[in-house]
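Fold and contact review
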Amino acid sequence: MTQQATRAKQIFTGHYGNYFQMHREGNYEEYKTYEITKEQETAWYAELIEMNVNGLSIRNWDAVIQLLLVAKNYPDSRILDGIIAFASRHVMSSDSIVKLMYAEHIIEIIKLVKSKAEIELLHRAYKTAAQILDDVMSKPLIVDPGHDLQSLGLKDKRSLNLRAGKNIEVIKELLASDH
């Protein structure tokens with residue numbers, strides 16, 4: 001990759017492909033000078049998706065947040081597929097905060113990629129998020145060291161359950177809008 005292409009990729013991936021953010025940071029004019037094709041940008045999005053899906057963790061939330069940022073600029077169903085595959089295998093063994101955070105991010109990503117996703121994938125995503133939220137509400141409050149309810153604007157188990165319940169209602173609304 002040439003030095004110019006490397007710099008263009010650095011700008012693009014650093015802003016998750018968001019031209020407005022590039023402009024706001026003063027990088028858009030420079031990025032335009034590299035004359036990057038849509039095909040190249042699509043390839044970079046695919047790299048961002050793969051890298052962050054592979055980086056998903058219950059201990060570090062950066063990858064799921066970055067996938068949400070990518071989905072805002074490039075709504076691709078692979079994002080949703082990757083996050084629900086990870087969540088269905090790993091999130092149920094985590095604490096209440098991680099479960100709620102993952103379920104909420106899945107819901108936000110559903111909203112962003114809904115028009116690009118197959119119904120079957122959407123239904124798997126609804127089911128995964130709902131199962132996580134049901135687990136949050138049905139089990140005792142578990143908060144691992146380093147996590148706290150206040151970081152999510154919550155006070156106690158009751159407020160956690162209320163928020164999880166509201167998210168289940170959002171899932172029901174999304175499901176109803178599919179028909």
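So, here is what we can say about the structure in this document.

**Brief notes about the packing of helix α8 (residues 119-138) against helix α9 (residues 157-177)**
Across the interface, α8 lies against α9 with an axial gap of 9 Å and an inter-helix angle of 160°. What the angle tells us is that α8 and α9 run roughly antiparallel. Relative to α9, α8 is oriented so that their crossing is left-handed. Between α8, through H123, Y126, A129, A130, L133, D134, V136 and M137, and α9, the contact on the second element is made entirely by K157, L160, N161, A164, G165, N167, I168, I171, L174 and L175. Its residues assigned to classes, the contact of α8 with α9 shows 12 nonpolar, four polar and two charged.

**Details of the pattern of salt bridges**
Under the criterion given, the structure shown has 13 salt bridges. Between E104 and R163 there is a salt bridge, and its shortest N-O distance comes to 2.6 Å. Residue E104 is located in helix α7 (residues 96-113), and its partner R163 is located in helix α9; the two are separated by 59 residues in the primary sequence. Judged by its relative accessible area of 16%, E104 is buried.

**Focus: the packing of aromatic side chains**
Taken as a whole, this structure holds seven aromatic pairs when the rule is applied. Between F12 and Y31, the aromatic rings sit 6.0 Å apart at their centres with planes inclined by 25°, giving stacked as the arrangement. Here Y31 lies in helix α3 (residues 28-33) and F12 lies in helix α1 (residues 3-14), a separation of 19 residues in the sequence. We classify F12 as buried; its relative accessible area is 0%. Relative to Y31, the ring of Y19 lies with its centre 6.3 Å away and its plane at 40°, an arrangement referred to as tilted.

Rules behind the numbers
- Note that residues are indexed from 1 along each chain, following the sequence as it is written.
- Given that this is a predicted model, residues contribute local features only at a pLDDT of at least 70 and side-chain atom pairs are listed and counted only at 80 or more, while totals for whole chains, interfaces and linings are drawn from all residues.
- Here the side-chain values reflect all heavy atoms present in the structure, with hydrogen atoms and water set aside.
- Lines are fitted to the C-alpha atoms to define the axes, a helix being fitted only along its stretch in contact, and any angle between axes, read from their N-to-C directions, falls within 0 to 180 degrees.
- Strands are runs of DSSP state E lasting at least two residues, helices are runs of H or I lasting at least four, and both sets are numbered from the N terminus onward.
- We call two directions roughly parallel when the angle between them is under 35 degrees, roughly antiparallel when it is over 145, roughly perpendicular when it lies between 65 and 115, and oblique otherwise.
- Crossings are sorted by hand: turned counterclockwise from the far helix by less than a right angle, the near helix makes the crossing left-handed, and turned clockwise it makes it right-handed.
- Should any heavy atoms of two residues lie within 4.5 Å, those residues are considered in contact.
- Residue classes follow a fixed rule: Ala, Val, Leu, Ile, Met, Phe, Trp, Tyr, Cys and Pro count as nonpolar, while Asp, Glu, Lys and Arg count as charged, and any other residue, Gly among them, counts as polar.
- Salt-bridge detection follows one rule: a side-chain nitrogen of Lys or Arg within 4 Å of a carboxyl oxygen of Asp or Glu.
- Buried residues are those whose accessible area, probed at 1.4 Å on protein chains only, stays under 20% of the maximum for their type, while exposed residues exceed 50% and partly exposed ones sit between those limits.
- Each Phe, Tyr or Trp ring, with Trp reduced to its six-membered ring, pairs with another whose centre is within 6.5 Å; inter-plane angles below 30 degrees give stacked pairs, above 60 give edge-to-face pairs, and intermediate values give tilted ones.

By themselves, these are just geometric observations and shouldn't be taken as functional.
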